[in-house]
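Observations on the model geometry
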Amino acid sequence: MTMSLSRKASLAAVLALSLAPPAAPRTDSLPPIPNIAGLALTVTGPVEPSRLGQTLMHEHIFVDFKFSGSLRPEPATDAELSLQPVTLANLHKARAGHWIADNDFLGDFEESLAEVLEFKAAGGGTIVDVSGIRLGRDPVGLFRISNASGLNIVMGGSWYQKKYHPPNFSDLTLDELTAGMVRDIAVGVDGTEIRSGIIGEIGINGDPLTANELKLVRASARASRLTGAPMTFHVGGVGEEKFRVLKIVADEGVAMSSVVMGHSNGLAFDFPFARRILALGVFIEFDWLGALGSPGGFLEARTNRKVAEGIARLVREGYAGQIVLSHDICNKIQLKKFGGLGYTYIHEYFLPVLRELGVGEADIRKMMVENPARALAFAEPKPLVGGGSPR
Amino acid sequence: MAGTGSRLKARAAGRLVLAGPLMTAWLFGAGQSVAGKAVTVNGPVPAGELGVTLAHEHLLSDFRLPDERPETWAASGRKQPRTPEKVRLYNQPVAMSILGPLAMGEENRDNWLLDDEKTAVAELLEFKSFGGRTLVDLTTDGLKRDPQALRRISEATGIHIVMGAGWYRRAWVGAGIDKLSAADLAKVLVREIQVGAGRTGIRAGIIGELSPEDPDSDYDRKILQAAARAARATGAPISLSIPLGRAEPRAILGSLDVLESAGAALDRVAVGHADQIALDMPLMRRLLERGVYLQFDRLGDPPHVLTLVSDHDVALAVIALLEAGFGGRVLLSQGVNSKIDLKAFGGSGYAFLLEQYAPYARAIKPKGITTDQMRMILTENPRRLLAFAEPRED
């Protein structure tokens, strides 16, 4: 790890408890775990990664952030707005960053199908849906989307950030969290036989890391170790906290090449830091592409243009093999139907600009095809580092 | 809308009564001075009353190409849609499902038409609700300027509206003014400023927007010379726009040369669409050192991968200009000129500066645009620009 010694020393006391793995992991409640090493796991079953094609690594075809519904905004006019359906009349407010609950809800099958078909028509092959537990994850919906569209769909797992946790999340043990994720991957989600193919988005903000976040990182890493499934993080820690997160993952015996660090647009603005993260061997994901306003509003310093310039520079430095791209569609207003740019912005607008900025076709193919294929391929299932083995 | 007709008649009658004294003033007190006042569609008002002012907007305008000939497209600087999908997109009415591509700059004919007075009133009331007071509408004749509608909108909203006069680019104006000389055009401008547009009695309060592409061309040179003469004779300000996508330093500086040599005082000139040059500090300084206002008036579009200069970049430029002592020469506006700019179509509308930009710019680290500085930019600077100077006799 590249964390400095002094930094380590200063954190040592704080971390002693939280970083120490529990002595005796219990895995006796785990189901049999199939070995699909080398394959990607879609909602219709394992596939050769070479068949995935152009892949969006971080989307939400179906999502429901309804658990944040209790957090109604205080100003009365905003609270009233939050209850309205998204319409042309209030689109400007949603784009300006005002919260509309309906905007956080993607659940219309036909609507979603129409949107992803545009990606298919643009040459797309695979979408990774990273909606996890309590985030409206919809195994049957995704299974049907896959069959109806002909797209490969990889379904996510794990837990999202704190406000989407149940009140008893602190009481859930590391083993319980681990077992739940393993079941989603080995057996199927919510009583179906439709299986998660990636662990995430793992809802780590890490600003700084909390006890529950540390527990969630470790449980997700153990589920990855036990099943061979790849991991994908939401933020995954702010600043130096990313190294703490990745150290836990490494300590649990997961290869860094199975880890995607999501929401990494900031790395396009801090190259020394980006190089330190990339040196670990993880994938970094630029995944807030093509959103017209919201939640930050119409104004942002880190525009997609500047992200593209940063990516072009990282590619020039030789990092094309570790970069993946996505839109992170999670709001209605990102869909074409609701005034957004949908699942084709990267193809229609972003990649052409990358080409203008000097990125070659071979590197674009890495980011859109080869890297996702490597990232989504399962590793061998292995026993936990601390003992215990899947049966 | 029962009653609209009779109200309109009553207003028309009121204007006839008004037109009498105005005409008298023009005929017998030729060039009666309105120095120190701004000229709105409801007549001169003390400049101190203007308050927060948007220096470059359009309430009702028609920026659609007058025809679809390839020459017209080429002259417009817009990208003609070629593929079947883009042609289909171009020809359909603006609707929610195409707002994404339109935000990316895809061409759509309907998008370029602002023709709904009721919408204009509703959108302008948003500006008012956030503390706005005055709007400069720089729609000129070839863009379907409608003085009476502007007066009605002003009356319905209580917002001062300053109306522009002049000629936009040749792709829109056409050959209509080719036979007129600079002196002829100057006469038209003087009349619109002192008497009123056509037979409306509604006076222009600013010359512009003028959008010179090439000050060496007959078309642009003539218009600039006319503007300079009319500004000199009336004391009116001038508003230029750097043509979008064609920010040639030589053309911008050349246009100022023509204005100056034809007698305009450059400290009465705003150079708009300066957003395009916000990353070019040396050029901005060169312009400011000529005495003009720099007007950043393309604010409020959501940024994306084709955005070369973002609103954030403009804020940084303004902060740098404030630091360099040019704060008194900076103007900000949104330049609403298409449907997607309106809140009714998902845009940020006329209130963007007050509603979103000022709070955002204030919070920029380490040093944002303070409330006092923003007040200077949104109130004092436009007031100084819009207050007529003393007419100067040749």
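As the structure is a computational prediction, the values presented were derived from the model and not from experiment. (Residues numbered from 1 in each chain as written. Chains lettered and ligands numbered in written order. Predicted model: local features only at pLDDT ≥ 70, side-chain atom pairs only at ≥ 80, totals over all residues.)

As for the interface of chain B and chain A
Taken together, the contact pairs 26 residues of chain B with 26 residues of chain A. For the side of chain B that touches chain A, the elements supplying multiple residues, two or more each, are helix H4 (99-103), helix H12 (311-323) and helix H13 (352-362) of chain B. Tallied by class, residues from the side of chain B that touches chain A come to twelve nonpolar, twelve polar and two charged. (Contact = placed C-beta atoms within 7 Å. Helix = DSSP H or I, 4+ residues; strand = E, 2+ residues; numbered from the N terminus. Nonpolar A, V, L, I, M, F, W, Y, C, P; charged D, E, K, R; others polar.)

Thoughts on the confidence of the model for chain A
When pLDDT is averaged along chain A, the result is 92, and 91% of the positions lie at 70 or above. Below pLDDT 50 for its whole length, residues 1-21 of chain A participates in 14 contacts with residues either more than four positions away or in separate chains. (pLDDT = per-residue confidence, 0-100.)

What about the sheet that holds strand S6 (residues 124-129) of chain A?
Residues and elements named next belong to chain A. Spatial strand order, S3-S6-S7: three strands in an open sheet with parallel pairing. On the outer flanks of this sheet lie strand S3 (54-59) and strand S7 (152-155), each paired with one strand and no other. Taken over all neighbouring pairs, the strand axes of this sheet differ in orientation by 15° on average, direction set aside. Pairing analysis gives four bridges linking S6 to S7, with the strands arranged parallel. Bridge pairing in S7 links Val128 to Val154. Of the strands in this sheet, S6 and S7 touch helix H5 (residues 139-149), which is tilted by about 165° from S7. Here helix H12 (residues 361-376) sits on the sheet in contact with S3, S6 and S7, set at roughly 60° to S3. (Pairing = 2+ DSSP bridges. Axes fitted to C-alpha atoms, helices over the stretch in contact; angles between N-to-C directions.)

Points about the packing of helix H7 (residues 211-227) of chain A against helix H8 (residues 241-251) of chain A
All names here are of chain A. As a packed pair, H7 and H8 sit with axes 9 Å apart at the nearest point and diverge in direction by 35°. Our pair here, H7 against H8, has a crossing hand that is right-handed. In this structure, H7 contributes Val217, Arg218 and Ala221 to the contact, and H8 contributes Val245, Ile248 and Val249. For the contact of H7 with H8, the residue count by class is five nonpolar, no polar and one charged. (Left-handed = near helix turned anticlockwise from the far one by under 90°.)

Remarks on the pairing of strand S11 (residues 283-286) of chain A
All names here are of chain A. Neither face of S11 is left uncovered, since the one carrying Phe283 and Glu285 and the one carrying Ile284 and Phe286 both have all their residues buried. Relative to S11, strand S10 (residues 259-261) runs parallel, the two being bridged by two bridges. Residue pairing for S11: Val260 is matched across the bridge by Phe283. With three bridges joining them, S11 and strand S12 (residues 323-325) adopt parallel strand pairing. When the bridges of S12 are listed, Phe286 appears paired with Leu325. (Buried ≥ 20, exposed ≤ 12 C-beta atoms within 10 Å, placed from the backbone.)

What about the packing of helix H9 (residues 218-234) of chain B against helix H10 (residues 249-261) of chain B?
Residue and element names in this part refer to chain B. Taken N-terminus to C-terminus, the directions of H9 and H10 make an angle of 45°; their axes are 8 Å apart at the nearest point. Taken together, the axis directions place H9 and H10 in an arrangement best described as oblique. For H9 against H10, the interelement crossing comes out right-handed. On the side of H9, the interface is formed by Arg221, Leu224, Gln225, Ala227 and Ala228, while H10 contributes Ser255, Val258 and Leu259. (Parallel < 35°, antiparallel > 145°, perpendicular 65-115°, else oblique.)

Structural notes on the nonpolar core
Core analysis: the largest hydrophobic core is formed by 222 residues, its most contacted members being Val260 of chain A together with Leu189, Ala227, Ala230, Val271 and Leu294 of chain B. Among the elements that line this core, the one with the most residues is H9 of chain B, at eight residues. Both domains that meet at this core, namely domain 1 (44-65 + 114-386) and domain 2 (70-103) of chain B, each give it at least three residues. Those residues within four positions of Ala227 of chain B in sequence are excluded, and the remaining contacts are Gly166, Leu189, Ile207, Leu210, Ile238, Leu259 and Ala264 of chain B. (Core = buried A, V, L, I, M, F, W, Y, C linked by C-beta atoms within 7 Å. Domains from an automatic or database assignment.)

Focus: the environment of Ala229 of chain A
All names here are of chain A. Tracing the backbone through its elements, the reader meets Ala229 in the loop between H7 and strand S9 (231-233). On a C-alpha basis, the gap between Ala229 and Ala268 in space is 27 Å, while along the polypeptide they are 39 residues apart. Among all residues touching Ala229, those that are not within four sequence positions of it are Ile185, Gly197, Ile198, Ile199, Ala223, Ser224 and Phe378.

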